[in-house]
Amino acid sequence: LSERLSGVFDRLTKQGALSDEDVKTALREVRVALLEADVSLPVARDFVNAVQEKATGQAVTKSITPGQQVVKIVHDALIDVLKGEGEPGALKIDNAPAPILMVGLQGSGKTTTTAKLAKRLKDRDGKRVLMASLDVNRPAAMEQLAILGMQIGVDTLPIVKGETPVQIAKRTKTQASLGGYDVYMLDTAGRLSIDEELMAQVEQVRDIVSPRETLLVVDGLTGQDAVQTAENFNTRIGISGVVLTRMDGDGRGGAALSMRAVTGKPIKFVGLGEKMDALETFEPERVAGRILGMGDIVALVEKAQETIEAEQAERMMKRMAKGMFNMNDLKMQLEQMLKMGGMQGMMGMMPGMGKMAKQISDAGLDDKILKQQIALINSMTKKERANPALLQASRKKRIAKGAGMEVSDVNKLMKMQRQMSDMMKKMGKGKGGMMKAAMKQ
Ligand code: GDP
Ligand code: MG
């Protein structure tokens, strides 16, 4: 009986694995989608190759086609790449006055973004901000910042005619200290394309103020060119993050992926319009959906996966209520734990368990162990999983070897399964059994 049940399990979880051909076919379309979204060619190629390796052999969810499954895998990988580390939208601006240097090409939205960000820091974080324009070549640009400053109620450094950018930067630094500002923002001059003079100027300014953040402002509508710009600024000046502007437009925002791939720096904000409050924290999920443009398929796969999970959980509850708990059940439990951030994550969520979570992580009992245990179960045959009593010495040896571990590890796993099974039997017994009670809910 348990053999048959485990067969049902397998059919439920997968209708097969993704073949090389499935993956290749689906990825051809994904590649086109990425290029249409203005992701740079080499970045799109590398990304697709990385996904290809990852996707081949993965299980296909019931009621989903292999192609749809690949799209979902791509979507998740895209989010991973876009995400980067740290809190989105976070800025290092402790230790007042903290300098923020804004760099980028002319017309990318630097001045607008400087003002938007100043407003955000003032309104959300209660910071006192001082802004200054270093764009001495275009007097109108300095005026522009001063006007925006008045609109949003943020101070700008008084304009002194004839000063060099370096002189303005020094004066801003001094004024920020004397005036008790928390943050000062330097809006640098841009050029239509990168040139030596611009870079040298920005470098000088950087060395004078030692910025806490150097934000590269990039027009989200420029696709292929954005890569070159980012590469140049990052190697020459060293940026700490990216702001993508004009994400309110029709563009699909492929520049986001290119920026991440080329600089490795986080995308911190996106500009969503000309208004002063049109600046938002970068959301990888949203941008991933837009770049791929296959939101319907992703939603479909997610729904199917949820349904399967619910069915699995119900089946497992039924089995447990009958006191059945074999290696397939254990594997599902372990996978569930892994998904919830390992034992540490699970404990951390339970009140009063925080300390135990720390002990677990200190002892190294984290994801790695869970993955090893799952690997052991994976190297068992179907029969063995369904009926762990079959596991005699020679089988244990084979399983340990298959998972690159020791027989003692197999023994530990078996002990765990036996304990769980005993517990299930106890709980399942009698009308007042815990599992039965839980099922009635
Ligand atoms: P700068 O030369 O880099 O300083 O660019 P500006 O800040 O002067 O911006 C150039 C133009 O782009 C202005 O008309 C801005 O209003 C506009 N702009 C800036 N950011 C955005 C944005 O996120 N969305 C839209 N639609 N327009 C923007
Ligand atoms: Mg400007």
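Residues numbered from 1 in each chain as written. Chains lettered and ligands numbered in written order. Predicted model: local features only at pLDDT ≥ 70, side-chain atom pairs only at ≥ 80, totals over all residues.

Engineer: So what exactly am I meant to see when it comes to the overall build of the protein chain here?
Structural biologist: If you tally the helices and strands in the protein chain, you get 20 helices and eight strands. When contacts within the protein chain are restricted to residue pairs at least 6 apart in sequence, those whose partners lie at least 24 apart make up 76%. (Helix = DSSP H or I, 4+ residues; strand = E, 2+ residues; numbered from the N terminus. Contact = placed C-beta atoms within 7 Å.)

Engineer: Help me out: how do you make sense of the sheet that holds strand β8 (residues 279-281) in this one?
Structural biologist: Neighbouring strands of a sheet are bound in pairs by backbone hydrogen bonds; such pairs are parallel or else antiparallel. The strand order across the open sheet formed by eight strands is β3-β2-β4-β1-β5-β6-β7-β8, and the pairing between neighbours is mixed. Two strands close off the open sheet at either side, each with one partner strand: β3 (155-156) and β8. Alignment of strand β1 (residues 98-103) against strand β5 (residues 213-219), held across four bridges, turns out to be parallel. Looking across to β5, one finds that valine 103 is bridged to leucine 216. Lying on the sheet, helix α10 (residues 255-263) is in contact with β5, β6 (241-245) and β7 (267-271); it crosses β6 at an angle near 165°. (Pairing = 2+ DSSP bridges. Axes fitted to C-alpha atoms, helices over the stretch in contact; angles between N-to-C directions.)

Engineer: Help me out: how do you make sense of the packing of helix α4 (residues 66-83) against helix α12 (residues 295-321) in this one?
Structural biologist: The axes of two packed helices give the description: the angle between them and the distance between them. Packing of α4 against α12 leaves a shortest axis separation of 9 Å and a crossing angle of 100°. The orientation of α4 relative to α12 falls into the category roughly perpendicular. Along its contact with α4, which presents Gln68, Gln69, Val71, Lys72 and His75, the element α12 presents Ile297, Val298, Leu300 and Val301. Taken together, the residues of the contact of α4 with α12 sort by class into five nonpolar, three polar and one charged. (Parallel < 35°, antiparallel > 145°, perpendicular 65-115°, else oblique. Nonpolar A, V, L, I, M, F, W, Y, C, P; charged D, E, K, R; others polar.)

Engineer: So what exactly am I meant to see when it comes to the domain arrangement of the protein chain here?
Structural biologist: For interface size, the figure often reported is the accessible area lost on association. Per the domain assignment, the segments of the protein chain are domain 1 (2-84), domain 2 (98-282) and domain 3 (322-440). Each of domain 1 and domain 2 has a C-alpha centre, and the two are 38 Å apart. Tallying the contact residues gives 13 residues for domain 1 and 15 residues for domain 2. When contributions to the side of domain 1 that touches domain 2 are tallied by element, the ones reaching two or more residues are α2 (20-36), α3 (41-55) and α4. Each residue belonging to the side of domain 1 that touches domain 2 can be placed in one class, and the counts come to eight nonpolar, two polar and three charged. (Domains from an automatic or database assignment.)

Engineer: Sorry, what's going on with the site of ligand 1 here?
Structural biologist: Looking at ligand 1, there are 17 residues lining it, with Gly109, Lys110, Thr111, Thr112 and Gly271 nearest. A per-element tally of the shell around ligand 1 places helix α5 (residues 110-125) first, with three residues. Here the residues of the shell around ligand 1 are counted per class, giving two nonpolar, eleven polar and four charged. (Near = placed C-beta within 6 Å.)

Engineer: Even after reading the chapter, I still don't get the pairing of β7, so can you show me in this structure?
Structural biologist: Side-chain positions along a regular strand alternate between the two faces of the sheet. In terms of residue burial, β7 counts as a mostly covered element, since five of its five residues are buried. Bridge count for β6 against β7 is three bridges, and the pairing is parallel. By the bridge assignment for β7, valine 242 is matched with isoleucine 267. In this fold, β6 hands off to α10, which returns the chain to β7; that crossover is right-handed. (Buried ≥ 20, exposed ≤ 12 C-beta atoms within 10 Å, placed from the backbone. Right-handed = clockwise from strand over helix to strand, strands pointing away.)

Engineer: Whenever I open this one, the environment of arginine 246 confuses me. Can you help?
Structural biologist: Within the fold, arginine 246 resides in the loop between β6 and α10. Given 21 C-beta atoms within 10 Å, arginine 246 falls into the buried group. Put simply, arginine 246 and alanine 400 are 154 residues apart on the chain and 55 Å apart in space, counted from C-alpha to C-alpha. Every residue in contact with arginine 246, bar those within four places of it in the chain, is listed here: Gly109, Asp219, Gly220, Leu221, Gly251 and Gly271.

Engineer: How should I be thinking about the pairing of β1 in this particular structure?
Structural biologist: Extensive coverage of β1 is indicated by the burial of six of its six residues. Of the two faces of β1, the one carrying Ala98, Ile100 and Met102 and the one carrying Pro99, Leu101 and Val103 are both buried. Both β1 and strand β4 (residues 183-187) contribute to a ladder of five bridges, which runs parallel. When the bridges of β4 are listed, alanine 98 appears paired with valine 183.

Engineer: Which parts of the structure should I look at to understand the nonpolar core?
Structural biologist: Soluble globular proteins: nonpolar side chains tend toward being buried together. Met185, Leu186 and Ile291 are the most contacted members of the largest nonpolar core, which totals 80 residues. Structurally, this core is a two-domain feature, drawing no fewer than three residues from each of domain 1 (2-84) and domain 2 (98-282). In this structure, Phe325, Leu334, Leu376 and Val410 belong to the second largest nonpolar core, which totals 13 residues. (Core = buried A, V, L, I, M, F, W, Y, C linked by C-beta atoms within 7 Å.)

Engineer: Help me understand unusual backbone geometry, please; the structure alone is not making it clear to me.
Structural biologist: The phi torsion of most residues other than glycine is negative, and most of the peptide bonds are trans. Omega for the peptide link from alanine 96 to proline 97 comes to -10°, which places this bond in the cis form. In the Ramachandran plot, asparagine 95 falls in the positive-phi region, its phi being about 60° despite a non-glycine side chain. Position of asparagine 95 among the secondary structure elements: in the loop between α4 and β1. Of the residues examined, asparagine 95 has 8 C-beta atoms within 10 Å and is grouped as exposed. Positive phi values are uncommon outside glycine, yet serine 210 reaches one of about 45°. Structurally, serine 210 is set in the loop between α8 (196-209) and β5.

Engineer: Which parts of the structure should I look at to understand α5?
Structural biologist: Each turn of an α-helix holds 3.6 residues, which means side chains three or four residues apart point in the same direction. Compared with the 22 Å implied by 1.5 Å per residue over 16 residues, the 21 Å span of α5 between its first and last C-alpha is a close match. Among the 16 residues in α5, twelve count as buried, and that is most of the element. Within the span of α5, buried status applies to Lys110, Thr111, Thr112, Thr113, Thr114, Ala115, Lys116, Leu117, Ala118, Lys119, Arg120 and Leu121. Phi turns positive one or two residues past the end of α5, at glycine 126, with a value near 65°. (Expected span 1.5 Å × (residues − 1).)

Engineer: I tried to follow the UniProt feature "domain: SRP54-type proteins GTP-binding" (unreviewed entry) in the protein chain on my own but got confused; where do I start?
Structural biologist: Taking the UniProt record as the reference, the feature "domain: SRP54-type proteins GTP-binding" (unreviewed entry) is found at residues 266-279. Secondary structure over residues 266-279 splits into 0% helix and 43% strand, and the C-alpha atoms at its two ends are 16 Å apart. (UniProt positions renumbered as here; feature names shortened; annotations may be inferred.)

Engineer: So what exactly am I meant to see when it comes to helix α7 (residues 165-178) here?
Structural biologist: With 14 residues, α7 ought to run about 20 Å at 1.5 Å a step, and its terminal C-alpha atoms sit 20 Å apart, in line with that. Among all positions in α7, only Pro165, Ile168, Ala169, Thr172 and Ala176 are buried. Buried residues of α7, seen end-on, are gathered within an arc of 100° and therefore sit on one face of the element. Seen from the buried face of α7, the exposed residues on the opposite side, beyond 90 degrees, are Thr174, Ser177 and Leu178. (Arc of directions from axis to C-beta.)

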